[in-house]
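# Structural characterization, general
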Amino acid sequence: MNTYVCGKCGYIAFDNVPESCPVCGAKKEAFSLDNNAIKRPTDPNNLSELEKKHIPVVKIERKCGLIDSVCLDVNIKIGEITHPMQSQHFIMYIDVYLDKNLVSRYHLTPEKLNPALGIHLKVNSGKLLVLENCNLHGRWVKEELL
Ligand SMILES: [Fe+2]
C-alpha cells in the first residue's frame, strides 16, 4: 500500500493521490510518495514503551447515548500508556479514515487536552483507520474492522 504525503498539511493519502487534499485543499502536485511516512512497531506482539505511547487505542460502542438512529461511537485514546500533552511534546492531530477515505481530522493543542477523541459514525461496517501525529515521534496508526 503506497502512502502519499501532502506537503502542506501532512495528510496521508493511501494508494492514490487525490485531485486535491481533503484537509487543506492543496492540489495533487503537493503530494509526494513516502512509504516510510507511518511508523510500524518492530514486533507487534512485544511493543516497546515508545510504541505503547503512540499506537492509538480504539474502542467501539455499538449503542450511542446521544443519537437514536444508527450510530457507532468510536472512542480513541493515544497510547496504551497515555501520551504526554505538553508544549514540547504532544499529539498534533488525529485523522480518522473509513475504507481509506478521511472522515475527520481533529486538531489538538497541548496543556489542556488529553490525547483522546470520540466520534459518531453513521455507518456500521467498513475498515476504520486511526492515524495520529506526534510532534516528536511522527505518525502511528491503528486499524479496526467495524
Ligand atoms: Fe511522542
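This structure is a prediction, so every number in the text was calculated from the model and none was measured.

### Brief notes about the sheet that holds strand β4 (residues 38-39)
- If you walk across this open sheet you meet the five strands as β4-β11-β10-β7-β8, and the pairing is mixed. The open sheet is flanked by β4 and β8 (101-107), the only strands paired with a single partner.

### Description of the domain arrangement of the protein
- Segmenting the protein into domains produces domain 1 (1-36) and domain 2 (46-145).
- In this structure, domain 1 and domain 2 have C-alpha centres spaced 20 Å apart.
- Between domain 1 and domain 2, the buried area comes to about 820 Å², and carbon and sulfur atoms account for 62% of it.
- Counting every contact that joins domain 1 to domain 2 gives one salt bridge.
- Of the charged contacts in the structure, one is a salt bridge between D15 and K100, with a shortest N-O distance of 2.7 Å.
- Taken together, the connections running from domain 1 to domain 2 amount to five residue pairs in polar contact (both at pLDDT 80 or more).
- Class assignment of the residues belonging to the side of domain 1 that touches domain 2 gives a composition of eight nonpolar, one polar and one charged.

### A few points about the environment of R105
- Along the chain, R105 falls in strand β8.
- Residue R105 is classed as buried on the basis of its relative accessible area, which comes to 16%.
- R105 has contacts with C9, G10, Y11, V23, Y93, I94 and D95, leaving out every residue within four places of it along the chain.
- Within the structure, R105 has its side chain in polar contact with the side chain of D95 (distance 2.7 Å).

Conventions used here
- Think of each chain on its own: its residues are numbered from 1, step by step along the sequence as written.
- Since the coordinates come from a predicted model, pLDDT governs what is reported: local features require at least 70, and pairs of side-chain atoms require 80 or more to be given and counted, while whole-chain, interface and lining totals use all residues.
- Just so you know, side-chain values use all the structure's heavy atoms and leave hydrogens and water out.
- Two strands qualify as a pair provided DSSP detects at least 2 bridges between them.
- A run of H or I in DSSP becomes a helix once it reaches four residues, and a run of E becomes a strand once it reaches two; helices and strands are each numbered from the N terminus.
- Domain limits in this description derive from either an automatic procedure or a database domain assignment.
- In this description, buried area is defined as the sum, over both parts, of the accessible area (probe of 1.4 Å) that is lost when the two are combined.
- Salt bridge, as applied in this entry: a Lys or Arg side-chain nitrogen positioned within 4 Å of an Asp or Glu carboxyl oxygen.
- Think of a polar contact as two N or O atoms within 3.5 Å of one another; within protein, one of them needs to be a possible hydrogen donor and the other a possible acceptor, and neighboring residues in sequence only count if both atoms come from side chains.
- When residues are grouped by polarity, Ala, Val, Leu, Ile, Met, Phe, Trp, Tyr, Cys and Pro land in nonpolar, Asp, Glu, Lys and Arg in charged, and all others, Gly among them, in polar.
- Each residue is assigned to one of three classes by its accessible area relative to the maximum for its type, calculated with a 1.4 Å probe on protein chains only: buried under 20%, partly exposed between the two thresholds, exposed over 50%.
- Only heavy atoms enter the contact rule, under which two residues are in contact if any of them lie within 4.5 Å.

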